[in-house]
Amino acid sequence: MRGLDYKWIEALDAIIHQGSFERAAEYLFISQSAISQRVKQLEKFLAQPVLIREQPPKPTAIGKKLLGLYRRVRLLEHEILPELENDTSSRPIQLSLATNADSLATWLLPSLQDVMKQKQVEITLSIYGENLSIEKLKSGEVAGAISVESQPIPSCRADYLGCIDYVCVASPEFTQRYFKNGVNNQTIAKAPAVSYDQFDDLHQKFLTQHFNVNLDNTVHHKISSSEAFIKMAIAGIAYCLIPKLQIIEELEKGTLVNITPNFALSNRIYWHHWQLETGVLKEISQAIIHYAQSHLPQ
């Protein structure tokens, strides 16, 4: 029985990466009809669709697994083929990593900068909640993920990175307007808040743990940018939970104040990655682990 032809999956990967059949064909230097034929052959072999044909195209569940397999094979090829062929001009290896917004806004990019400067690598950083990122590793969509989950999935390991400490902050003007009589369950229930998205349960955890308040009963903005939290808080629009590491300067200047200094909230985060790593992926894991453990509270 004929096995998988990796040219079929290469076509699928190019379509997803480039965002269309036409650009995928240009990327692979083949005709658009050839791209379509390869995908059809793959779907015929599997007897199920691998692509959702919309704009932009998206992989199906089995398509995501095939892409995960293909990208792992590409990683292995990238390590061994240049040595065998004496070739130093191969395409950069493409890696997708899952991160939470707070890590990306604070320590993650500095941890990766040396590898990104020195290696032929093309990294895609996708933002997910700390509880969702590990699912992307399970599906094969990413090669590594930052998560609050401490238990690794099969064939992977979870290395402890450190703690992200959060503070609840607002502008002095906002604090005077909503918390003139202190922060308690009545005043905080009436004050507008902002969190990342509907999957961000950190704020609900904070309100339940310290004030017995349900977030659904408050004015609650959702903005998918931790940097925008700071702007909203400084502008006096809302209060928010934000990594202390991200707002050291604002706290020192007094443009933001910690409105609950007696309450602490921390997330222990872990780097989930394959057990048998080699080459650039191993270097990326080592860089992330070393930098986080050196710069985050342990």
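Residues numbered from 1 in each chain as written. Predicted model: local features only at pLDDT ≥ 70, side-chain atom pairs only at ≥ 80, totals over all residues. Heavy atoms only, no water.

Draft legend 1. Representation of the packing of aromatic side chains. Applying the stated criterion across every chain, the model contains eight aromatic pairs. For the pair Trp8 and Phe45, a centre-to-centre distance of 5.7 Å together with 55° between the ring planes defines the contact as tilted. With Trp8 in helix H1 (residues 6–18) and Phe45 in helix H3 (residues 32–46), this residue pair connects regions lying 37 residues apart in the sequence. For Trp8, a relative accessible area of 5% translates into the label buried. Here the aromatic rings of Phe179 and Tyr239 are separated by 6.1 Å at their centres, their planes lie at 75°, and the arrangement is edge-to-face. One end of the pair, Phe179, is in the loop between helix H8 (172–178) and helix H9 (185–190); the other, Tyr239, is in strand E9 (residues 239–243), and 60 residues separate them in sequence. Of the two residues, Phe179 and Tyr239, neither departs from the other in class, the shared state being buried. An aromatic cluster is defined as three or more aromatic residues linked by ring pairs; in this entry it consists of Phe174, Tyr178, Phe179 and Tyr239. (Phe/Tyr/Trp six-rings, centres within 6.5 Å; stacked < 30°, edge-to-face > 60°. Helix = DSSP H or I, 4+ residues; strand = E, 2+ residues; numbered from the N terminus. Buried < 20%, exposed > 50% of the residue type's maximum accessible area, 1.4 Å probe, protein only.)

Draft legend 2. Just empty space enclosed by the protein, in detail. The final tally for this structure, using the stated rule, is two cavities of 30 Å³ or more. Volume-wise, the largest cavity comes out at about 70 Å³. Around the largest cavity, the lining residues are Gly68, Arg71, Leu75, Gln94, Leu95, Ser96, Gly140, Glu141, Val142, Ala143 and Trp274. Its residues assigned to classes, the lining of the largest cavity shows five nonpolar, four polar and two charged. Of the volumes computed, that of the second largest cavity is approximately 60 Å³. Lining the second largest cavity are Asp13, Tyr70, Arg71, Arg74, Ile93 and Gln94. Listing elements by their share of the lining of the second largest cavity, those giving two or more residues are helix H4 (61–85) and strand E3 (93–99). With three residues, H4 is the single largest residue contributor to the lining of the second largest cavity. (1 Å grid on protein atoms, 1.4 Å probe; cavity = no way out; pocket = protein on both sides within 12 Å on 5 of 7 lines; lining within 4 Å. Points joined across faces, edges and corners; volume = space filled by probe spheres on them. Nonpolar A, V, L, I, M, F, W, Y, C, P; charged D, E, K, R; others polar.)

Draft legend 3. Structural context of the environment of Ala189. Looking at the element boundaries, Ala189 is found in helix H9. Separated by 114 residues in sequence, Ala189 and Leu75 place their C-alpha atoms 50 Å apart. Among all residues touching Ala189, those that are not within four sequence positions of it are Val213, Asn217 and Thr218. (Contact = heavy atoms within 4.5 Å.)

Draft legend 4. How the structure looks around the pattern of salt bridges. Under the counting rule described, the total for this entry stands at seven salt bridges. For the salt bridge of Glu43 with Arg53, the shortest nitrogen-to-oxygen distance reads 3.0 Å. In this pair, Glu43 is assigned in helix H3 and Arg53 in the loop between strand E1 (51–52) and strand E2 (58–59), connecting sequence segments 10 residues apart. One salt bridge connects Lys58 with Glu54, and the closest N-O pair in it is separated by 3.4 Å. Under the relative-accessibility criterion, Lys58 is labelled partly exposed at 43%. (Salt bridge = Lys/Arg side-chain N within 4 Å of Asp/Glu carboxyl O.)

Draft legend 5. Region of interest: unusual backbone geometry. Residues Gln55 and Pro56 are joined by a peptide bond in cis, for which omega reads -5°. Along the chain, the position of Pro56 falls in the loop between E1 and E2. Unusually for a residue other than glycine, Ser155 sits at a positive phi of about 70°. Mapped onto the elements of the fold, Ser155 is located in the loop between strand E5 (144–147) and strand E6 (156–170).

Draft legend 6. Looking closely at helix H6 (residues 108–118). Buried residues of H6: Leu108, Ser111, Leu112 and Val115, and no others. For H6, the arc enclosing every buried residue in end-on projection is 85°, short of the 170-degree limit, so these residues lie on one face. For H6, the exposed residues set more than 90 degrees away from the buried face come down to Lys117 and Gln118. Of the surrounding secondary structure, the elements contacted by the buried residues of H6 are E3, helix H5 (101–106), strand E4 (121–127), E5 and helix H13 (279–295). (Arc of directions from axis to C-beta.)

Draft legend 7. The arrangement of the environment of Glu135 in detail. Tracing the backbone through its elements, the reader meets Glu135 in helix H7 (residues 133–138). Owing to a relative accessible area of 39%, Glu135 belongs among the partly exposed residues under this scheme. A C-alpha to C-alpha distance of 9.7 Å links Glu135 and Ser147, two positions 12 residues apart in sequence.

Draft legend 8. The nonpolar core, seen in detail. In terms of nonpolar packing, the biggest core is built from 50 residues, with Trp107, Leu161, Tyr239 and Ile284 touching the most fellow members. Among the elements that line this core, the one with the most residues is H13, at seven residues. Among residues more than four places away in sequence, those in contact with Ile284 are Leu95, Leu97, Leu112, Val115 and Ile123. (Core = buried A, V, L, I, M, F, W, Y, C linked by side-chain atoms within 4.5 Å.)

Draft legend 9. Geometry of the side chain of Asn100. Tracing the chain through its elements places Asn100 in the loop between E3 and H5. A distance of 2.7 Å separates the side chain of Asn100 from the side chain of Ser103, its partner in a polar contact. (Polar contact = N/O pair within 3.5 Å; in protein donor to acceptor, adjacent residues only side chain to side chain.)

Draft legend 10. Region of the structure containing the side chain of His273. In this fold, His273 is placed in strand E11 (residues 265–274). We classify His273 as buried; its relative accessible area is 4%. Separated by 3.5 Å, the side chains of His273 and Ser285 make a polar contact. Setting aside residues up to four positions removed in sequence, His273 forms contacts with Leu137, Ala143, Cys156, Arg157, Asp159, Ser285 and Ile289.

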